[in-house]
Amino acid sequence: MKFVLATNNLGKIKEMREILPGLGIEFLTRADVGIDVEIEETGTTFKENALLKANAICALSGLPAIADDSGLMVDALGGAPGVYTSTFGGEGLSSAERCGYLLKKLSGVRDRNAKFVCMIVCVFPDGGVITAQGECVGEIADEPRGWRGFGYDPVFIANGYSKTMAELSPEEKNAISHRGAALRSFSILLKKRGMNGLIS
């Protein structure tokens, strides 16, 4: 059975493939199925944006499509950047620049509490939909540390850990991350659905 991953983020694609093995599914990228379109993320929630992407890719490919919308929510910033995580600080910034912008916003702020949130939505050609959410609670570090991962990983420390996400091995990160939690929940729901008998 083939599924299309409705993201162009190579880091997300890598993590999805690592976290969802053993389902008898071939995970294709948008490039694999020749889809090169910009999907405007006009939703106000992670779920709305994930649904927009999954619906669009499913319609274009004729295959089940899995979309991920995720972001960082910082208590001291009223939950920002939230759904605007990927554009926080302005268009065209690198991940390192966005991390720097975040740290500047939190300069002198004692409340560093934050969480990563991930919403997974899978849309099937028959109209079926599966949704799953995961969270990773922690705090924002005082400075970037580590070289692994992507996005805000160098400045996020999960509760119970002293290392940033970027200092953890991929296996350690996937075991505690918001995306790992969401994808494991999704896997359970997918097996329950049975994919018309294609998954035992």
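Structure shown above.
Residues numbered from 1 in each chain as written. Predicted model: local features only at pLDDT ≥ 70, side-chain atom pairs only at ≥ 80, totals over all residues. Heavy atoms only, no water.

1. Focus: the pairing of strand β3 (residues 65-74)
Reasoning step 1: Of all ten residues in β3, nine are buried, a share of seventy percent or more.
Reasoning step 2: As paired strands, strand β1 (residues 2-5) and β3 are joined by two bridges and run parallel to one another. If you follow leucine 5 over to β3, its bridge partner there is isoleucine 66.
Reasoning step 3: Bridge analysis of β3 against strand β4 (residues 113-123) gives ten bridges, and the strand direction is antiparallel. Bridge pairing in β4 links alanine 65 to valine 123. (Buried < 20%, exposed > 50% of the residue type's maximum accessible area, 1.4 Å probe, protein only. Helix = DSSP H or I, 4+ residues; strand = E, 2+ residues; numbered from the N terminus. Pairing = 2+ DSSP bridges.)

2. Focus on the pattern of salt bridges
Reasoning step 1: Taken as a whole, this structure holds seven salt bridges when the rule is applied.
Reasoning step 2: Lysine 115 serves as the salt-bridge partner of glutamate 135, at 3.4 Å between the closest nitrogen and oxygen. Of this pair, glutamate 135 sits in strand β5 (residues 129-140) while lysine 115 sits in strand β4, placing them 20 residues apart in sequence.
Reasoning step 3: Within the structure, one salt-bridge network assembled from shared partners comprises Glu41, Lys53 and Asp69. (Salt bridge = Lys/Arg side-chain N within 4 Å of Asp/Glu carboxyl O.)

3. Regarding helix α3 (residues 95-105)
Reasoning step 1: For α3, the full list of buried residues reads Arg98, Cys99, Leu102 and Leu103. Within α3, the buried residues cover an arc of 140° as seen down the axis, which keeps them to one side. Projecting away from the buried face of α3 at angles above 90 degrees are the exposed residues Ala96 and Lys104. (Arc of directions from axis to C-beta.)

4. Let's talk about the state of the cysteines
Reasoning step 1: One pass over the structure, following the stated rule, counts zero disulfides.
Reasoning step 2: Of all cysteine sulfurs, the one in cysteine 136 lies closest to cysteine 99, which takes part in no disulfide; the gap is 15 Å.
Reasoning step 3: With no disulfide of its own, cysteine 136 lies closest to cysteine 118 among cysteine sulfurs, the gap being 11 Å. (Disulfide = S-S within 2.5 Å.)

5. A few points about the nonpolar core
Reasoning step 1: Core analysis: the biggest nonpolar cluster contains 19 residues, and Phe3, Phe27, Ile66, Ile120, Cys122, Phe186 and Leu190 have the highest contact counts within it.
Reasoning step 2: Listing elements by their share of this core, those giving two or more residues are β1, α1 (10-19), β4, β5 and α5 (178-193).
Reasoning step 3: Examining the composition of this core, we find that four residues originate from one element, α5, more than from any other.
Reasoning step 4: What phenylalanine 27 contacts, discounting residues up to four positions off in sequence, is Phe3, Leu5, Arg17, Leu20 and Ile66. (Core = buried A, V, L, I, M, F, W, Y, C linked by side-chain atoms within 4.5 Å. Contact = heavy atoms within 4.5 Å.)

6. Considerations on the layout of surface pockets
Unoccupied space between atoms shows up once a probe the size of one water molecule is rolled over them.
Reasoning step 1: Looking at the largest pocket, its volume works out to about 970 Å³.
Reasoning step 2: Lining the largest pocket are 35 residues, with Asn9, Lys12, Glu41, Thr85 and Ser86 sitting closest to its centre.
Reasoning step 3: Every element with two or more residues in the lining of the largest pocket is listed here: α2 (46-61), β3, α3 and α5.
Reasoning step 4: Considering every element that reaches the lining of the largest pocket, the biggest residue donor is β3, with three residues.
Reasoning step 5: Here the lining of the largest pocket is built from residues that sort into nine nonpolar, 14 polar and twelve charged.
Reasoning step 6: Considering only enclosed or pocket space, the second largest pocket measures out at about 180 Å³ in volume.
Reasoning step 7: Forming the boundary of the second largest pocket are 13 residues, of which Lys14, Glu15, Arg148, Gly149 and Pro170 lie nearest the centre. (1 Å grid on protein atoms, 1.4 Å probe; cavity = no way out; pocket = protein on both sides within 12 Å on 5 of 7 lines; lining within 4 Å. Points joined across faces, edges and corners; volume = space filled by probe spheres on them. Nonpolar A, V, L, I, M, F, W, Y, C, P; charged D, E, K, R; others polar.)

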